[in-house]
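# Analysis of the macromolecular model
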Amino acid sequence: MVGQGAIGLLTACQLQQQGAKVRLWLRQPVSLAVHFRTLDGNSRHHRFEPWPTDQPIHTALIAVKAYDALSCIQQLQPLLAEDACLILSHNGLGTLETIQPLLKPKQQLWFLTTTHGAYIEPGNQAGRQLVHSGAGSSVLGAIQAESHPIPTFANALNTALGPLQSVTDILPYLWRKLLINCLINPLTALHQVQNGELARPCFAAELTQLLNEFCLLAELAGYPQDKAAAWQQLQQVITSTARNRSSMLQDRLAGRRTELEYITGFVLREAKRFELRLPGHEQLYQLCQDAGF
Ligand SMILES: NC(=O)c1ccc[n+]([C@@H]2O[C@H](COP(=O)([O-])OP(=O)(O)OC[C@H]3O[C@@H](n4cnc5c(N)ncnc54)[C@H](OP(=O)(O)O)[C@@H]3O)[C@@H](O)[C@H]2O)c1
(Lines give C-alpha, C1' and ligand atoms only; values in the text may rest on other atoms or scores of the structure.)
Protein backbone atom coordinates (compact mmCIF):
# COMPACT_ATOMS: atom_id res chain seq x y z
CA MET A 1 0.00 0.00 0.00
CA VAL A 2 1.48 3.34 -0.98
CA GLY A 3 1.18 6.44 1.15
CA GLN A 4 -0.68 7.37 4.28
CA GLY A 5 -3.66 8.87 2.48
CA ALA A 6 -7.36 8.28 2.98
CA ILE A 7 -8.10 5.59 0.39
CA GLY A 8 -4.81 3.74 0.88
CA LEU A 9 -5.20 3.61 4.66
CA LEU A 10 -8.88 2.68 4.40
CA THR A 11 -7.86 -0.31 2.29
CA ALA A 12 -4.97 -1.15 4.62
CA CYS A 13 -7.15 -1.06 7.75
CA GLN A 14 -9.90 -3.17 6.20
CA LEU A 15 -7.38 -5.75 5.00
CA GLN A 16 -5.53 -5.91 8.31
CA GLN A 17 -8.87 -6.43 10.06
CA GLN A 18 -9.34 -9.53 7.87
CA GLY A 19 -5.92 -10.86 8.94
CA ALA A 20 -3.92 -9.83 5.87
CA LYS A 21 -0.31 -8.69 6.26
CA VAL A 22 -0.17 -5.14 4.94
CA ARG A 23 2.92 -2.96 4.68
CA LEU A 24 3.07 0.71 3.79
CA TRP A 25 5.38 2.46 1.37
CA LEU A 26 5.84 5.86 2.96
CA ARG A 27 7.97 8.84 2.14
CA GLN A 28 9.66 8.26 5.51
CA PRO A 29 9.96 4.52 6.27
CA VAL A 30 8.55 4.50 9.80
CA SER A 31 5.79 2.48 11.44
CA LEU A 32 2.45 4.25 11.47
CA ALA A 33 -0.40 4.15 13.99
CA VAL A 34 -3.89 4.69 12.59
CA HIS A 35 -6.99 5.50 14.60
CA PHE A 36 -9.80 4.35 12.32
CA ARG A 37 -13.44 5.45 12.68
CA THR A 38 -15.58 2.96 10.78
CA LEU A 39 -18.84 3.69 8.97
CA ASP A 40 -20.88 2.58 11.97
CA GLY A 41 -18.99 4.97 14.24
CA ASN A 42 -16.78 2.38 15.96
CA SER A 43 -13.12 3.05 16.58
CA ARG A 44 -10.28 0.67 15.81
CA HIS A 45 -6.56 0.98 16.24
CA HIS A 46 -4.15 -0.24 13.60
CA ARG A 47 -0.40 -0.18 13.25
CA PHE A 48 1.50 -0.66 10.01
CA GLU A 49 5.16 -1.37 9.41
CA PRO A 50 7.02 0.21 6.49
CA TRP A 51 7.91 -1.81 3.43
CA PRO A 52 11.41 -3.29 3.89
CA THR A 53 13.53 -1.72 1.17
CA ASP A 54 15.41 -5.00 0.46
CA GLN A 55 12.32 -7.04 -0.46
CA PRO A 56 10.65 -7.16 -3.87
CA ILE A 57 7.16 -5.78 -4.27
CA HIS A 58 4.69 -8.26 -5.79
CA THR A 59 1.42 -6.37 -5.36
CA ALA A 60 0.90 -2.70 -4.56
CA LEU A 61 -2.14 -0.48 -4.38
CA ILE A 62 -1.16 3.03 -5.43
CA ALA A 63 -3.99 5.28 -4.27
CA VAL A 64 -2.40 8.70 -4.64
CA LYS A 65 -3.40 11.97 -6.24
CA ALA A 66 -3.13 11.76 -10.02
CA TYR A 67 -0.21 14.21 -10.08
CA ASP A 68 1.84 11.89 -7.82
CA ALA A 69 1.18 8.64 -9.70
CA LEU A 70 4.13 8.76 -12.11
CA SER A 71 6.79 9.75 -9.58
CA CYS A 72 5.46 7.18 -7.17
CA ILE A 73 5.86 4.35 -9.69
CA GLN A 74 9.31 5.61 -10.60
CA GLN A 75 10.28 5.33 -6.93
CA LEU A 76 8.87 1.80 -6.63
CA GLN A 77 10.45 0.60 -9.87
CA PRO A 78 13.77 -0.71 -8.51
CA LEU A 79 11.91 -2.95 -6.06
CA LEU A 80 9.20 -4.24 -8.39
CA ALA A 81 9.21 -7.99 -9.01
CA GLU A 82 9.43 -9.04 -12.68
CA ASP A 83 5.73 -10.01 -12.52
CA ALA A 84 4.57 -7.32 -10.07
CA CYS A 85 0.92 -6.24 -10.08
CA LEU A 86 0.32 -2.52 -9.60
CA ILE A 87 -3.17 -1.26 -8.91
CA LEU A 88 -3.53 2.42 -9.58
CA SER A 89 -6.43 4.38 -8.09
CA HIS A 90 -7.01 8.09 -8.58
CA ASN A 91 -9.55 10.56 -9.90
CA GLY A 92 -9.17 11.90 -13.41
CA LEU A 93 -7.24 10.54 -16.38
CA GLY A 94 -3.96 11.24 -18.12
CA THR A 95 -1.39 9.27 -16.13
CA LEU A 96 -1.50 5.93 -17.94
CA GLU A 97 0.30 7.15 -21.04
CA THR A 98 3.43 7.98 -19.06
CA ILE A 99 3.29 5.02 -16.67
CA GLN A 100 2.76 2.15 -19.11
CA PRO A 101 6.09 2.57 -20.94
CA LEU A 102 7.93 2.19 -17.61
CA LEU A 103 6.64 -1.31 -16.97
CA LYS A 104 8.40 -4.54 -17.93
CA PRO A 105 6.53 -7.02 -20.15
CA LYS A 106 5.30 -9.25 -17.33
CA GLN A 107 4.46 -6.46 -14.91
CA GLN A 108 0.76 -5.78 -14.71
CA LEU A 109 -1.08 -2.50 -14.37
CA TRP A 110 -4.64 -2.46 -13.06
CA PHE A 111 -6.93 0.45 -12.30
CA LEU A 112 -9.42 0.67 -9.47
CA THR A 113 -12.06 3.35 -9.25
CA THR A 114 -14.05 3.72 -6.08
CA THR A 115 -16.99 5.69 -4.72
CA HIS A 116 -16.11 4.96 -1.08
CA GLY A 117 -15.48 8.14 0.86
CA ALA A 118 -12.70 8.58 3.42
CA TYR A 119 -10.70 11.40 4.89
CA ILE A 120 -7.90 12.07 7.34
CA GLU A 121 -8.87 14.33 10.21
CA PRO A 122 -6.51 17.25 10.51
CA GLY A 123 -4.58 17.54 13.73
CA ASN A 124 -1.25 16.94 15.32
CA GLN A 125 -2.12 13.77 17.19
CA ALA A 126 0.39 10.93 16.95
CA GLY A 127 -0.49 8.76 13.97
CA ARG A 128 -3.33 9.28 11.50
CA GLN A 129 -7.00 9.79 12.28
CA LEU A 130 -8.85 8.07 9.46
CA VAL A 131 -12.60 8.35 8.92
CA HIS A 132 -14.61 6.12 6.57
CA SER A 133 -17.20 8.74 5.66
CA GLY A 134 -19.27 7.11 2.96
CA ALA A 135 -20.07 3.59 1.80
CA GLY A 136 -19.51 2.98 -1.88
CA SER A 137 -18.50 0.42 -4.43
CA SER A 138 -15.51 -0.12 -6.69
CA VAL A 139 -14.68 -1.22 -10.21
CA LEU A 140 -11.43 -2.98 -11.15
CA GLY A 141 -10.03 -3.59 -14.62
CA ALA A 142 -6.74 -4.35 -16.33
CA ILE A 143 -4.87 -1.62 -18.16
CA GLN A 144 -1.89 -3.80 -19.00
CA ALA A 145 -1.89 -7.51 -18.26
CA GLU A 146 -1.05 -10.50 -20.46
CA SER A 147 -4.40 -12.12 -19.79
CA HIS A 148 -7.35 -10.81 -17.85
CA PRO A 149 -8.48 -13.51 -15.44
CA ILE A 150 -9.85 -12.10 -12.20
CA PRO A 151 -6.64 -11.56 -10.21
CA THR A 152 -6.08 -13.06 -6.77
CA PHE A 153 -5.96 -9.62 -5.14
CA ALA A 154 -9.54 -8.92 -6.31
CA ASN A 155 -10.89 -10.87 -3.32
CA ALA A 156 -8.89 -8.70 -0.95
CA LEU A 157 -10.09 -5.53 -2.67
CA ASN A 158 -13.66 -6.77 -2.48
CA THR A 159 -13.22 -7.10 1.28
CA ALA A 160 -11.68 -3.68 1.62
CA LEU A 161 -13.50 -1.48 -0.91
CA GLY A 162 -16.36 -3.69 -2.08
CA PRO A 163 -18.71 -4.50 -3.49
CA LEU A 164 -16.13 -4.86 -6.26
CA GLN A 165 -17.00 -5.34 -9.90
CA SER A 166 -14.26 -6.76 -12.13
CA VAL A 167 -14.56 -5.62 -15.74
CA THR A 168 -12.62 -6.44 -18.90
CA ASP A 169 -12.50 -2.81 -20.09
CA ILE A 170 -12.35 -0.19 -17.38
CA LEU A 171 -11.85 2.85 -19.60
CA PRO A 172 -15.58 3.44 -20.25
CA TYR A 173 -16.06 3.51 -16.45
CA LEU A 174 -13.20 5.99 -16.07
CA TRP A 175 -14.67 8.25 -18.74
CA ARG A 176 -18.07 8.22 -17.05
CA LYS A 177 -16.43 9.04 -13.73
CA LEU A 178 -14.45 11.79 -15.48
CA LEU A 179 -17.70 13.23 -16.79
CA ILE A 180 -19.16 13.47 -13.29
CA ASN A 181 -15.88 14.80 -11.86
CA CYS A 182 -15.37 17.47 -14.51
CA LEU A 183 -18.87 18.85 -13.97
CA ILE A 184 -18.99 18.75 -10.16
CA ASN A 185 -15.39 19.35 -9.05
CA PRO A 186 -14.32 22.58 -10.77
CA LEU A 187 -17.72 24.26 -10.34
CA THR A 188 -18.00 23.49 -6.63
CA ALA A 189 -14.37 24.45 -6.03
CA LEU A 190 -14.69 27.69 -7.98
CA HIS A 191 -17.90 28.80 -6.25
CA GLN A 192 -16.89 27.21 -2.92
CA VAL A 193 -20.20 25.41 -2.50
CA GLN A 194 -21.28 21.96 -1.37
CA ASN A 195 -22.26 19.52 -4.11
CA GLY A 196 -26.00 19.97 -3.43
CA GLU A 197 -25.83 23.64 -4.44
CA LEU A 198 -25.37 22.54 -8.05
CA ALA A 199 -29.06 21.52 -8.04
CA ARG A 200 -29.98 25.23 -7.95
CA PRO A 201 -31.49 26.52 -11.22
CA CYS A 202 -28.68 29.06 -11.66
CA PHE A 203 -26.25 26.18 -12.43
CA ALA A 204 -28.52 24.29 -14.85
CA ALA A 205 -27.46 26.04 -18.09
CA GLU A 206 -23.74 25.72 -17.35
CA LEU A 207 -24.02 22.06 -16.34
CA THR A 208 -25.98 21.35 -19.53
CA GLN A 209 -23.36 23.05 -21.68
CA LEU A 210 -20.50 21.20 -19.93
CA LEU A 211 -22.32 17.90 -20.36
CA ASN A 212 -23.06 18.52 -24.06
CA GLU A 213 -19.44 19.44 -24.74
CA PHE A 214 -18.13 16.42 -22.84
CA CYS A 215 -20.42 14.14 -24.85
CA LEU A 216 -19.03 15.53 -28.13
CA LEU A 217 -15.50 14.76 -26.98
CA ALA A 218 -16.33 11.34 -25.55
CA GLU A 219 -17.90 10.31 -28.85
CA LEU A 220 -14.72 11.24 -30.75
CA ALA A 221 -12.52 9.53 -28.17
CA GLY A 222 -14.47 6.29 -28.51
CA TYR A 223 -16.33 6.43 -25.20
CA PRO A 224 -19.81 7.60 -26.27
CA GLN A 225 -22.09 8.71 -23.46
CA ASP A 226 -25.85 8.32 -23.18
CA LYS A 227 -26.60 11.99 -22.45
CA ALA A 228 -29.91 11.41 -20.66
CA ALA A 229 -28.43 8.66 -18.48
CA ALA A 230 -25.37 10.79 -17.71
CA TRP A 231 -27.58 13.74 -16.71
CA GLN A 232 -29.63 11.47 -14.48
CA GLN A 233 -26.48 10.08 -12.85
CA LEU A 234 -25.17 13.61 -12.34
CA GLN A 235 -28.39 14.65 -10.58
CA GLN A 236 -28.29 11.50 -8.47
CA VAL A 237 -24.70 12.20 -7.38
CA ILE A 238 -25.54 15.85 -6.63
CA THR A 239 -28.48 14.75 -4.49
CA SER A 240 -26.82 11.84 -2.71
CA THR A 241 -23.69 13.87 -1.90
CA ALA A 242 -25.55 17.16 -1.36
CA ARG A 243 -23.80 17.98 1.92
CA ASN A 244 -20.34 16.89 0.77
CA ARG A 245 -17.50 19.10 -0.33
CA SER A 246 -15.96 17.81 -3.54
CA SER A 247 -12.33 16.69 -3.33
CA MET A 248 -11.30 19.71 -5.42
CA LEU A 249 -13.06 22.11 -3.06
CA GLN A 250 -11.45 20.37 -0.07
CA ASP A 251 -8.04 20.66 -1.70
CA ARG A 252 -8.62 24.31 -2.55
CA LEU A 253 -9.77 25.18 0.97
CA ALA A 254 -6.78 23.37 2.45
CA GLY A 255 -4.40 25.18 0.10
CA ARG A 256 -3.35 21.88 -1.51
CA ARG A 257 -2.69 21.27 -5.17
CA THR A 258 -5.87 20.11 -6.94
CA GLU A 259 -6.34 17.42 -9.60
CA LEU A 260 -7.67 20.03 -12.10
CA GLU A 261 -4.97 19.11 -14.66
CA TYR A 262 -6.18 15.49 -14.68
CA ILE A 263 -9.88 16.38 -14.81
CA THR A 264 -10.68 19.51 -16.86
CA GLY A 265 -7.06 19.73 -18.03
CA PHE A 266 -7.23 16.20 -19.43
CA VAL A 267 -10.55 16.98 -21.15
CA LEU A 268 -9.02 20.01 -22.86
CA ARG A 269 -5.86 18.14 -23.91
CA GLU A 270 -8.01 15.41 -25.45
CA ALA A 271 -10.20 18.01 -27.19
CA LYS A 272 -7.08 19.59 -28.70
CA ARG A 273 -6.05 16.18 -30.07
CA PHE A 274 -9.35 16.13 -32.00
CA GLU A 275 -9.18 19.85 -32.87
CA LEU A 276 -12.39 20.34 -30.94
CA ARG A 277 -13.27 23.56 -29.09
CA LEU A 278 -15.05 23.18 -25.74
CA PRO A 279 -15.80 26.81 -24.72
CA GLY A 280 -17.56 25.90 -21.47
CA HIS A 281 -14.71 23.72 -20.18
CA GLU A 282 -12.12 26.21 -21.48
CA GLN A 283 -13.74 29.06 -19.59
CA LEU A 284 -14.13 27.01 -16.42
CA TYR A 285 -10.50 25.91 -16.58
CA GLN A 286 -9.36 29.50 -17.06
CA LEU A 287 -11.47 30.71 -14.12
CA CYS A 288 -10.01 27.96 -11.90
CA GLN A 289 -6.51 28.92 -12.97
CA ASP A 290 -7.22 32.60 -12.34
CA ALA A 291 -8.49 31.65 -8.89
CA GLY A 292 -5.11 30.00 -8.26
CA PHE A 293 -5.84 26.29 -8.40
N1 LIG B 1 -10.68 10.24 -0.25
C2 LIG B 1 -11.76 9.87 -0.94
O3 LIG B 1 -12.86 9.80 -0.38
C4 LIG B 1 -11.66 9.53 -2.41
C5 LIG B 1 -12.75 8.89 -3.01
C6 LIG B 1 -12.66 8.53 -4.36
C7 LIG B 1 -11.51 8.82 -5.09
N8 LIG B 1 -10.48 9.45 -4.46
C9 LIG B 1 -9.27 9.70 -5.28
O10 LIG B 1 -8.30 8.75 -4.89
C11 LIG B 1 -6.99 9.33 -4.96
C12 LIG B 1 -6.35 9.26 -3.57
O13 LIG B 1 -7.17 10.04 -2.71
P14 LIG B 1 -6.87 10.21 -1.17
O15 LIG B 1 -8.01 10.99 -0.62
O16 LIG B 1 -6.52 8.90 -0.55
O17 LIG B 1 -5.57 11.15 -1.26
P18 LIG B 1 -4.58 11.57 -0.10
O19 LIG B 1 -5.29 11.49 1.22
O20 LIG B 1 -3.94 12.84 -0.52
O21 LIG B 1 -3.50 10.40 -0.11
C22 LIG B 1 -2.49 10.26 -1.01
C23 LIG B 1 -1.26 9.85 -0.22
O24 LIG B 1 -0.26 9.40 -1.11
C25 LIG B 1 0.97 9.83 -0.57
N26 LIG B 1 2.01 9.77 -1.60
C27 LIG B 1 2.02 10.36 -2.81
N28 LIG B 1 3.16 10.03 -3.46
C29 LIG B 1 3.88 9.26 -2.62
C30 LIG B 1 5.14 8.62 -2.71
N31 LIG B 1 5.90 8.74 -3.80
N32 LIG B 1 5.58 7.87 -1.68
C33 LIG B 1 4.83 7.74 -0.57
N34 LIG B 1 3.61 8.33 -0.40
C35 LIG B 1 3.15 9.07 -1.43
C36 LIG B 1 0.67 11.23 -0.09
O37 LIG B 1 1.65 11.65 0.78
P38 LIG B 1 1.81 13.22 1.12
O39 LIG B 1 0.61 13.57 1.91
O40 LIG B 1 3.07 13.25 1.90
O41 LIG B 1 1.89 13.92 -0.21
C42 LIG B 1 -0.66 10.98 0.60
O43 LIG B 1 -0.48 10.51 1.92
C44 LIG B 1 -7.20 10.75 -5.46
O45 LIG B 1 -7.09 10.79 -6.85
C46 LIG B 1 -8.64 11.07 -5.07
O47 LIG B 1 -9.22 12.06 -5.88
C48 LIG B 1 -10.52 9.80 -3.14
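Look up: the structure comes first, before these words.
Here we summarise the structure given alongside this text. Since the model is a prediction, treat every value here as computed from it, not as a measurement. Counting restarts for each chain, with residues numbered from 1 along the sequence as it is written. In view of the model being predicted, local features appear only for residues whose pLDDT reaches at least 70, and side-chain atom pairs are presented and counted only at 80 or more, with totals across whole chains, interfaces and linings using the full set of residues. Side-chain measures here rest on the full set of heavy atoms in the structure, leaving out hydrogens and waters.

### Focus on the pattern of salt bridges
Should a side-chain nitrogen of Lys or Arg be within 4 Å of a carboxyl oxygen of Asp or Glu, the pair is scored as a salt bridge. For the structure on display, the rule yields nine salt bridges. Among the salt bridges present, the one from R37 reaches E121, with a minimum N-O distance of 3.4 Å. Note that R37 is positioned in strand β2 (residues 32–37) and E121 in the loop between β7 (117–120) and β8 (128–134), a separation of 84 residues in sequence. Put simply, D251 and K65 hold a salt bridge, and the shortest N to O gap is 2.9 Å. Linking D251 in helix α8 (residues 247–253) with K65 in the loop between β4 (57–62) and α2 (69–76), this pair joins segments that are 186 residues apart in sequence. Using a 1.4 Å probe on the protein chains alone, a residue whose accessible area is under 20% of its type maximum counts as buried, one over 50% counts as exposed, and one in between counts as partly exposed. By relative accessible area, K65 is classed as partly exposed at 26%. Starting at the N terminus, helices and strands are each numbered in turn, a helix being any DSSP run of H or I of at least four residues and a strand any DSSP run of E of at least two.

### Examining the site of the ligand
Near residues are defined by distance, with any heavy atom within 4 Å of the molecule or strand qualifying the residue. In the vicinity of the ligand there are 22 residues, among which I7, R27, Q75, N91 and E259 approach most closely. Between N or O atoms, a polar contact is any pair within 3.5 Å; within protein, one atom must be a potential hydrogen donor and the other a potential acceptor, and residues adjacent in sequence are included only when both atoms are from side chains. Between the ligand and G5 there is a distance of 3.3 Å, counted from an oxygen atom to a backbone nitrogen or oxygen. Computed with the Shrake-Rupley method and a 1.4 Å probe, the accessible areas treat only the protein chains shown as cover for residues. Expressed as a share of its isolated accessible area of 890 Å², the protein-covered part of the ligand is 80%. For the shell around the ligand, the elements supplying multiple residues, two or more each, are α1 (6–17), α2 and β7.

### Details of the environment of R176
Within the element layout of this structure, R176 appears in helix α5 (residues 171–191). Owing to a relative accessible area of 19%, R176 belongs among the buried residues under this scheme. Separated by 54 residues in the primary sequence, R176 and A230 have C-alpha atoms spaced 7.8 Å apart. Setting aside chain neighbours within four positions, we find R176 in contact with Q225, D226, A229, A230 and Q233. Side chain to side chain, R176 and Q233 meet in a polar contact 2.6 Å long. Working rule for contacts: check all heavy atoms of both residues, and any pair within 4.5 Å makes them a contact.

### Quick look at the sheet that holds strand β10 (residues 164–167)
Should DSSP find at least two bridges between two strands, the strands are taken to pair. As summarised here, the arrangement of the five strands in space is β4-β5-β6-β9-β10, forming an open sheet in which the pairing is mixed. For this open sheet the edge positions go to β4 and β10, each flanked by a neighbour on one side alone. Along the sheet, successive strands turn relative to each other by an average axial angle of 20 degrees, direction set aside. As paired elements, strand β9 (residues 138–144) and β10 share four bridges and run parallel to each other. Interaxial angles span 0 to 180 degrees and are taken between N-to-C directions of axes, which are lines fitted to C-alpha atoms, for helices over the stretch in contact.

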